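Below are the chains, spelled out letter by letter.
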Amino acid sequence: MRIMINNIEHLVDNSELVEIIKQYGAKAPFAVAINGEFVAKSNYATTQVQPDDLVDIVSPIFGG
Amino acid sequence: MPYLLNSPFKKASLNIMKELSNSQLMRYSRHIMLKDMDIDGQEKLWNSKVLIIGLGGLGCAVAQYLTASGIGELTLVDDDTVDITNLQRQVLHHEASIGLSKCLSAKASLRAINSEIRLNTIEQRLAGKHLADVITKHDIVIDCSDNLITRNELNLQCYQLKKTLVSGAAIRMEGQVSVYDMQATTPCYQCLSQHFGEQILTCVEAGVLSPVVGIVGNMQACEAIKVLAGIGQPLIGKLMLLDASDMSINTFSILKSPQCSVCGEIPFISE
Ligand SMILES: [Zn+2]
């Protein structure tokens, strides 16, 4: 299925969020939002991504 | 009623607001002409006390615009001195300020912009009860600090004292802004930062494009003014992400986390 990850189109064959994060190669620390809403880390394992979902993998910044 | 007027609570009980003078009505007329702001909104700014933590790139931008905007009282907190690598982005500090405390350097620049507002400086790194005492005396806190430890402590104290926190951060060509009003149903900074662990990356290590801190700091100033004047819709419970490399802005909702160590169901209490 087709999803967007950080505004770039990706074709994935697995709908599990954990797998998608792994395949994308996201390096900790990061937070994940689906369709503009952050997903709690404790829900990663049970979260399924739907076709055309907007997935954002966001890195923290603390600089001032 | 002399009894009431002598009461230490007279300000709160009578809700006395400092009024704007005629020359101030003129000075801030471009604000007052904004339908939502009007004289009421400007008067709220004039009666507001804002705490700015950090006078680096973000803090300079925030303080500059809040000073020009006519906030009644600003307190600047930073324990650092100006060095030559600051001048690229910290616009209140000048070449002649190298070696001076950032508080005094910024205060001199701000005083030249607006002689009417009250400017307090604290040349220390505040923590614990001292920080709580300072926060209590202000209406809103603006986090312009450069590290996660300070950010988490400010969040914890603002949550406990129910003070709105305007958070901003910048690095490379990226920025983040969010507002936490610390109410029962809204998230706090920790609800977001718990995702990120303990990694600390500052501008020293990664570099930052000068105008990016200006953009982010001005967004923080804008959010603070909106909260204080009661106009617009502040980014409460939202995280705005700026990527200046393509000038894209994305806004995300932060959900209140039941497991949050600060605002969750079993809150963590610090001494
Ligand atoms: Zn929280």
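For the structure itself, look to the data block above.
To start, this report covers the structure provided alongside it. Predicted model, so just to flag it, every value in this text is computed and none were measured.

Rules and cut-offs
- Residues numbered from 1 in each chain as written.
- Chains lettered and ligands numbered in written order.
- Predicted model: local features only at pLDDT ≥ 70, side-chain atom pairs only at ≥ 80, totals over all residues.
- Heavy atoms only, no water.
- Helix = DSSP H or I, 4+ residues; strand = E, 2+ residues; numbered from the N terminus.
- Rg over C-alpha atoms; globule rule 2.2 N^0.38 Å.
- Buried < 20%, exposed > 50% of the residue type's maximum accessible area, 1.4 Å probe, protein only.
- Areas by Shrake-Rupley, 256 points an atom, 1.4 Å probe, with all protein chains shown as cover.
- Lys, Arg positive; Asp, Glu negative; His and termini not counted.
- Charge placed at Lys NZ, Arg CZ, Asp CG, Glu CD.
- Phe/Tyr/Trp six-rings, centres within 6.5 Å; stacked < 30°, edge-to-face > 60°.
- Lys NZ or Arg CZ within 6 Å of the ring centre and 35° of its normal.
- Donors = N, O, S within 2.8 Å, 3.2 Å for Na, K, Ca; no water.
- Pairing = 2+ DSSP bridges.
- Contact = heavy atoms within 4.5 Å.
- Buried area = accessible area lost by both parts, 1.4 Å probe.
- Salt bridge = Lys/Arg side-chain N within 4 Å of Asp/Glu carboxyl O.
- Axes fitted to C-alpha atoms, helices over the stretch in contact; angles between N-to-C directions.
- Parallel < 35°, antiparallel > 145°, perpendicular 65-115°, else oblique.
- Left-handed = near helix turned anticlockwise from the far one by under 90°.
- Nonpolar A, V, L, I, M, F, W, Y, C, P; charged D, E, K, R; others polar.

Before going further, it helps to examine the overall build of chain A. The secondary structure content of chain A amounts to one helix and five strands. Element order for chain A, N to C, with α for helix and β for strand: β-β-α-β-β-β. Its C-alpha radius of gyration of 11 Å places chain A within 12% of the 11 Å reference for a compact globule of 64 residues. Taking the principal axes of the C-alpha coordinates as reference, chain A spans close to 40 × 25 × 20 Å. Counting across all 64 residues of chain A, residues that qualify as buried make up 45%. Surface summary for chain A: the accessible area is close to 3300 Å², and the carbon and sulfur share equals 50%. Distance from the positive charge centre (4 side chains) to the negative charge centre (8 side chains) of chain A: 10 Å.

Let us look at the overall build of chain B. In terms of regular secondary structure, chain B is built from 12 helices and eight strands. In chain B, which comprises 271 residues, the proportion classed as buried is 51%. If you sum the accessible surface of chain B, you get close to 13000 Å²; carbon and sulfur atoms cover 57% of it.

Two aromatic rings, taken as a pair, are described by how far apart their centres are and by the angle between their planes. Applying the stated criterion across every chain, the model contains two aromatic pairs over all chains. Seen in terms of ring centroids, F38 of chain A and F252 of chain B are 5.5 Å apart; in terms of plane orientation they differ by 45°. Their pairing is tilted. With one member in each of two chains, F38 of chain A in strand β4 (residues 37-38) and F252 of chain B in strand β8 (residues 248-253) form a pair that bridges those chains. Residues Y180 of chain B and Y189 of chain B carry aromatic rings whose centres are separated by 6.1 Å and whose planes lie at 80° to one another, so their mutual orientation is edge-to-face. Its end group placed over the ring of F30 of chain A, K41 of chain A keeps NZ or CZ at 5.7 Å from the ring centre. In this structure, K162 of chain B packs its charged tip against the face of Y159 of chain B, placed 3.7 Å from the ring centre.

A few words on the coordination of the zinc ion. The expected angle between donors at a tetrahedral four-coordinate metal is 109.5 degrees. At an octahedral six-coordinate metal it is 90 or 180 degrees. Residues and elements named next belong to chain B. Every protein donor of the zinc ion is listed here as C188 (SG), C191 (SG), C260 (SG) and C263 (SG), and their distances to the metal cover 2.2 to 2.3 Å. Here the donor residues of the zinc ion share one chain and are spaced in sequence as C-x2-C-x68-C-x2-C. Here C188, found in the loop between β6 (174-180) and α10 (189-193), pairs with C260, found in the segment after β8; they are 72 residues apart in sequence, far enough to count as distant. You'll find C188 and C260 in the same group, each marked buried.

Before going further, it helps to spend a moment on the pairing of strand β5 (residues 54-58) of chain A. Residues and elements named next belong to chain A. Burial within β5 is extensive, with four of its five residues counted as buried. Here strand β3 (residues 31-34) runs beside β5; their pairing, made up of four bridges, is antiparallel. Counted as the bridge partner of I34 is V55 from β5.

Turning to the interface of chain B and chain A, a few remarks are in order. Taken together, the 34 residues of chain B in the interface contact 22 residues of chain A. Across the chain B/chain A interface, buried area totals approximately 2100 Å², and carbon plus sulfur atoms make up 62% of it. Summed over the three residues of chain B that lose the most area to chain A, namely H195, F196 and F252 of chain B, the buried surface amounts to 35% of that side. Run the count over chain B and chain A and you get zero salt bridges.

Residue and element names in this part refer to chain B. One way to put it is that helix α6 (residues 57-69) packs onto helix α12 (residues 210-229) with a least axis distance of 7 Å and a crossing angle of 45°. It follows that α6 is oblique to α12 by the angle criterion. Both α6 and α12 take part in a crossing whose hand is right-handed. Judged by residue contacts, G57, L58, A61, V62, Y65, L66 and S69 of α6 engage V213, G214, V216, G217, N218, Q220, A221 and I225 from α12. Residues of the contact of α6 with α12, tallied by class, amount to nine nonpolar, six polar and no charged.

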